[in-house]
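Each chain, letter by letter, is given below.
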Amino acid sequence: MDIDPRQYEDIAVNDNDVHSIVMSYLAHSCFTDTLESFTTSMGMNQTANLEDMEKRKRIYHLALEGSVLKAIEITDQFAPDLLEKNKDLHFDLLSLHFVGLVCSRKCTEALEFAQAKLAPFGKVQKYVEKLEDFMALLAYNEPEKSPMFHLLSLEYRQQVADSLNRAILANSNLPSYSAVERLMQQTTVVRQCLSQESRRVSSICFERLFEELEPSASQKRNSNEIYRGYTVKCALAKTRMPPSPASDAYIREPHKYFDEVVITVRAGDGGHGAVLSMPNQKAPSKSQGKFDRDKTKKKASYKRDFDGSIILPMGGHGGDVVLYADESKDSLLEFHNKSKHKAKRGGNVDSMGVLTSHMQNGATSPTLRIPVPLGTVVKLKKGKFLADLANPGDEVLVARGGQGGISLLEVPEYKRKQMTTLTTNIMRDATDKVLTFGQSGEEVSLQLILRVVADVGLVGLPNAGKSTLLAAITHARPDIADYPFTTLMPNLGRLDGDPSLGADKYSSEATLADLPGLIEGAHLGKGLGRNFLRHLRRTRLLVHVVDAAAEDPVGDYRTVKEELRMYNPEYLDRPYLVVLNKIDKPEAIDRLPTLTEEIWKIGCERISPKCDTSSGDVTESISVDESQKSDFSNWFSAKDQKVKELEEYPRPLAVVGVSVLKRIKVNEMLKAIRAALREFL
Ligand SMILES: Nc1nc2c(ncn2[C@@H]2O[C@H](COP(=O)(O)OP(=O)(O)OP(=O)(O)O)[C@@H](O)[C@H]2O)c(=O)[nH]1
Ligand SMILES: [Mg+2]
């Protein structure tokens, strides 16, 4: 949305501010000489540290020109700990060096470097996918022509060098973006807000821009010299700030959010104990009659421990938080709407301050039980794996409720000697303080990652007929349409057992997952990207669905296999079938025999079918981290480091021609699927 220029043409701009903006840009980009000439010619004071700027310039150029290790070395001298604290940047720099080695065709050296320096990053999930992309470069004779070519580009190197420059600036308490960049970023945000919320009022301040120009500028705020006139207010209609852009993204694009979320859970605090006094604490007066003294004694029928000490009431335990696998849930979307969950606190000891014989402990709060879909992997946000809730009824305690506080007894002076062992339920905290307050419940941030639980994964290009196939053989009713990417999230369907086999073999029932279509370059984020391929991890059998009436069915089949290999080469070792679909179309049925033969040729003999499935993350029930390790370690553990050609992976168990829409040969296809399930499930 364009704003009428008349709105801002009358706003006066101070020359000094313009000069400051230029200086900030020159200093940020390390144009030392120009900066010196500029300040001299403008008669301004030169405040930037030119020596530091020279060092930054050197580091930037070293990173850009490929001497990354040297850049790291100088950075470590200039800003010790910077890379230690900034792992992402450290990883990017090391990867840049790796890419340099690959480009110089020093593959062995690159591999050794990766093993020594990059492999340790493979323990953390966010680096795993990046590592896969970097490692995949080794598979190409001409990495410049590989789908990961962008990692070799000047733009990528520039991006990393820029990040390094920004990190060094931030480390020196200087703005990491120049004023011009900030101005442009803010203008972009303003424009976005205006176009999104054109009927609302946006009030967006540019003040911070000038705070960043000069660190001391904020001190001048009171004098109002610089700031006046720079608060841009865009008033259009009603007064309300626009919602954060991410707030409803999960509704607009659920497929990007349904399988991953970060939530915070807080267990309940413990209820408080009480400070109690004994009834009739005063020493019995001699004037008190015998009858009164007996009455006092009778009242004292308190609960006592085995050693005779009085058991004082305790505050109730705060509610724990438990996550459990619930079959009725199919996505994590609802957690994007409500990401904070809190259990109730324990009840306090209900007291009027005086100990009585019928006092109760505070009420214990119930455990907050949060249902999540089957197949949810639970991790601490910091990375530690907690549980894989893969089976119905699986659950994990993620936050413990606080212990209730104990009660204390105020003991009258004259009784203190008699009651040295007052109670047995006194607790002390770490500092040896006696607690009457309940302890706080634990609070944790959790990352939930859904990996659907399915035995069979349907893969193929968009429009191949995967959803139609699922609908044809299960009760699932996925959306089916004649345009690509109809399926955005996995659909699950249950394949019944085969009754004709008799009771003992009825076990061939299975869950099928229909995945979104894959396209060439999916691993680079094309189409729907490739993240959904994580949903194949638990499958034991893959079914490749190929449109046999397409222009190049064999090419399509290879494309899908390549993308699977890019994601995880182990997927190609898994047993699989190929379904040549749409044979009701004449162009498909005519070439069915040739197609079958050509597809059959792509692959080698499966050596030991059962052994194949037991490797890698098929058996992933233990932990995500382990499975991720197995993805990555594939690159290193194999004796033969050469990435295999598609022909070197096992060929399909069967290739069947079928029309799932017209139900031609569907039974033959089912037979093949069931036979494979019997063998591999
Ligand atoms: N002629 C014919 N058309 C079919 C057959 N199977 C599926 N189709 C059609 O192909 C189109 C795509 O089918 P889908 O099942 O949505 O394909 P998909 O592979 O799930 O596609 P995405 O969800 O986009 O990945 C639809 O118009 C179907 O009716 C078949 O056996 N024969
Ligand atoms: Mg579909």
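So, how was this worked out
- Residues numbered from 1 in each chain as written.
- Chains lettered and ligands numbered in written order.
- Predicted model: local features only at pLDDT ≥ 70, side-chain atom pairs only at ≥ 80, totals over all residues.
- Heavy atoms only, no water.
- Helix = DSSP H or I, 4+ residues; strand = E, 2+ residues; numbered from the N terminus.
- Buried < 20%, exposed > 50% of the residue type's maximum accessible area, 1.4 Å probe, protein only.
- Contact = heavy atoms within 4.5 Å.
- Areas by Shrake-Rupley, 256 points an atom, 1.4 Å probe, with all protein chains shown as cover.
- Near = heavy atom within 4 Å.
- Polar contact = N/O pair within 3.5 Å; in protein donor to acceptor, adjacent residues only side chain to side chain.
- Nonpolar A, V, L, I, M, F, W, Y, C, P; charged D, E, K, R; others polar.
- Patch = residues over 30% accessible without salt bridge, like charges linked within 9 Å, V, L, I, M, F, W, Y side chains within 5 Å.
- Salt bridge = Lys/Arg side-chain N within 4 Å of Asp/Glu carboxyl O.
- Lys, Arg positive; Asp, Glu negative; His and termini not counted.
- Charge placed at Lys NZ, Arg CZ, Asp CG, Glu CD.
- Pairing = 2+ DSSP bridges.
- Axes fitted to C-alpha atoms, helices over the stretch in contact; angles between N-to-C directions.
- Donors = N, O, S within 2.8 Å, 3.2 Å for Na, K, Ca; no water.
- Arc of directions from axis to C-beta.
- pLDDT = per-residue confidence, 0-100.
- Parallel < 35°, antiparallel > 145°, perpendicular 65-115°, else oblique.
- Left-handed = near helix turned anticlockwise from the far one by under 90°.
- Phe/Tyr/Trp six-rings, centres within 6.5 Å; stacked < 30°, edge-to-face > 60°.
- Lys NZ or Arg CZ within 6 Å of the ring centre and 35° of its normal.
- Core = buried A, V, L, I, M, F, W, Y, C linked by side-chain atoms within 4.5 Å.

Draft legend 1. Representation of the overall build of the protein chain. Check the secondary structure of the protein chain and you find 22 helices and 19 strands. Residue burial in the protein chain is summarised as follows: out of 681 residues, 46% are buried. Contacts in the protein chain between residues at least 24 apart in sequence constitute 74% of all its contacts with a sequence separation of at least 6. Element-wise, carbon and sulfur atoms account for 51% of the exposed surface of the protein chain, whose accessible area totals about 35,600 Å².

Draft legend 2. Summary view of the site of ligand 1. Residues in contact with ligand 1 amount to 24 residues; listed here are only the nearest, Lys-466, Thr-468, Phe-485, Thr-487 and Asp-584. Thr-487 is positioned with one of its side-chain polar atoms (N or O) 2.8 Å from an oxygen atom of ligand 1. Between ligand 1 and Asp-584 there is a distance of 2.8 Å, counted from a nitrogen atom to a side-chain nitrogen or oxygen. Look at ligand 1: alone it shows 650 Å² of surface, and the protein chains cover 92% of it. Take the shell around ligand 1: its biggest share by element is three residues, from helix 16 (residues 466-473). Partitioning the shell around ligand 1 into residue classes produces 10 nonpolar, nine polar and five charged.

Draft legend 3. Quick look at a negative patch on the surface. On the surface, a cluster of negative charge is contributed by Glu-551, Asp-552, Glu-597 and Glu-598. Residue Asp-552 is classed as partly exposed on the basis of its relative accessible area, which comes to 43%.

Draft legend 4. Local environment of the sheet that holds strand 10 (residues 385-389). A sheet is described by the order of its strands in space; here five strands give the open sequence 7-4-13-9-10, paired in mixed fashion. Looking at strand neighbours, the two that pair on one side only are strand 7 (340-342) and strand 10, the edges of this open sheet. The sheet shows a mean angle of 25° between the axes of neighbouring strands, taken without regard to direction. For strand 9 (residues 376-380) and strand 10, the ladder comprises four bridges, and the chain directions are antiparallel. The partner of Val-378 across the bridge, within strand 10, is Ala-387.

Draft legend 5. Just the coordination of the magnesium ion (ligand 2), in detail. Protein coordination of the magnesium ion (ligand 2) is provided by Ser-467 (OG) and Thr-487 (OG1), with donor distances spanning 1.9 to 2.1 Å. Taken together, the positions of Ser-467 in helix 16 and Thr-487 in the loop between helix 16 and strand 15 (491-495) put the pair 20 residues apart, joining distant regions of the chain. Among the residues examined, Ser-467 registers a relative accessible area of 9% and is labelled buried.

Draft legend 6. Seen up close, the sheet that holds strand 6 (residues 321-326). If you trace the three strands from one edge of the open sheet to the other, you get 8-6-11, paired in mixed fashion. Among the strands making up the open sheet, the edge pair consists of strand 8 (368-373) and strand 11 (395-399). The mean inter-strand angle of the sheet, taken between neighbouring strand axes irrespective of direction, is 30°. The pairing of strand 6 with strand 8 spans six bridges and is classified as parallel. Within strand 8, the position partnered with Asp-326 by the bridge is Pro-373.

Draft legend 7. The arrangement of the pattern of salt bridges in detail. Throughout the structure, instances matching the rule amount to 16 salt bridges. Two residues, Glu-73 and Lys-70, come together in a salt bridge whose shortest N-O distance is 3.5 Å. Here the residue Glu-73 and the residue Lys-70 both occupy positions in helix 5 (residues 68-78), the gap between them amounting to three residues, near one helical turn. Here Glu-395 and Arg-369 are joined by a salt bridge, their closest N and O atoms 3.0 Å apart.

Draft legend 8. Main features of helix 8 (residues 107-118). When helix 8 is considered as a whole, its buried residues turn out to be Ala-110, Leu-111, Phe-113, Ala-114 and Leu-118. One face of helix 8 carries all of its buried residues, which in axial projection span an arc of 160°. For helix 8, exposure combined with an orientation more than 90 degrees from the buried face picks out Thr-108 and Ala-116.

Draft legend 9. Highlighting unusual backbone geometry. Of note in the backbone geometry, Arg-105 takes a positive phi value of approximately 60° without being a glycine. Within the secondary structure, Arg-105 sits in the loop between helix 7 (87-103) and helix 8. For Lys-665, which is not a glycine, the phi torsion comes out positive at approximately 60°. For Lys-665, the position within the fold is in the loop between strand 19 (654-657) and helix 22 (666-680).

Draft legend 10. Inspection of the confidence of the model for the protein chain at higher detail. Considering every residue of the protein chain, the mean pLDDT works out to 77; 75% of them sit at 70 or more. Least confident of the elements in the protein chain is strand 2 (residues 233-234), whose mean pLDDT is 30; most confident is strand 18 (residues 576-581), at 97. Long-range and interchain partners of residues 198-245, a stretch whose pLDDT sits below 50, account for 85 contacts in this model, where long-range means more than four residues apart. Segment residues 609-641 is flagged for pLDDT under 50; beyond a separation of four residues in sequence, or across chains, it makes 71 contacts in the model.

Draft legend 11. Layout of the packing of helix 4 (residues 50-65) against helix 10 (residues 154-171). With their axes 8 Å apart at the nearest point, helix 4 and helix 10 run at an angle of 155° to one another. The angle between helix 4 and helix 10 falls in the class roughly antiparallel. For the crossing formed where helix 4 meets helix 10, the hand is right-handed. In contact with Arg-56, Ile-59, Tyr-60, Ala-63 and Leu-64 of helix 4, helix 10 contributes Leu-154, Arg-157, Gln-158, Ala-161, Asp-162, Leu-164, Asn-165, Ile-168 and Leu-169. Residue composition of the contact of helix 4 with helix 10, grouped by class: nine nonpolar, two polar and three charged.

Draft legend 12. Molecular detail of the packing of helix 4 against helix 5. Between helix 4 and helix 5, the least distance of the axes is 7 Å, while the angle of their chain directions is 155°. It follows from the interaxial angle that helix 4 and helix 5 lie roughly antiparallel. The way helix 4 lies across helix 5 gives a crossing that is left-handed. Contact with helix 4, carried on its side by Asp-52, Lys-55, Arg-56, Arg-58, Ile-59, Leu-62 and Ala-63, involves Val-68, Lys-70, Ala-71, Ile-74, Thr-75 and Phe-78 of helix 5 and no other residues of that element. Considering only residue class, the contact of helix 4 with helix 5 consists of seven nonpolar, one polar and five charged.

Draft legend 13. Local environment of the packing of aromatic side chains. Across all of its chains, the model carries seven aromatic pairs by this definition. Ring geometry for Tyr-25 and Phe-31: centres 6.2 Å apart, planes at 50°, overall tilted. Judged by its relative accessible area of 39%, Phe-31 is partly exposed. Chaining the aromatic ring pairs together yields one cluster made of Phe-91, Phe-121, Tyr-127, Phe-134 and Tyr-156. Between Arg-369 and the ring centre of Tyr-324, over which it is positioned, the NZ or CZ distance is 4.5 Å.

Draft legend 14. Quick peek at the nonpolar core. Counting residues in hydrophobic clusters, the biggest one holds 39 residues, and the most contacted among them are Leu-93, Phe-98, Leu-118, Phe-134 and Leu-164. Elements represented by at least two residues in this core include exactly helix 4, helix 5, helix 6 (82-85), helix 7, helix 8, helix 9 (125-136) and helix 10. For this core, the element with the most residues is helix 7, which contributes nine residues. Not counting the four nearest positions on each side in its chain, Phe-98 is found in contact with Ala-110, Leu-111, Phe-113, Ala-114, Leu-118, Phe-134, Met-135 and Leu-138. Listed in part, the 33 residues of the second largest apolar core include Leu-518, Leu-533, Tyr-567 and Ile-583.

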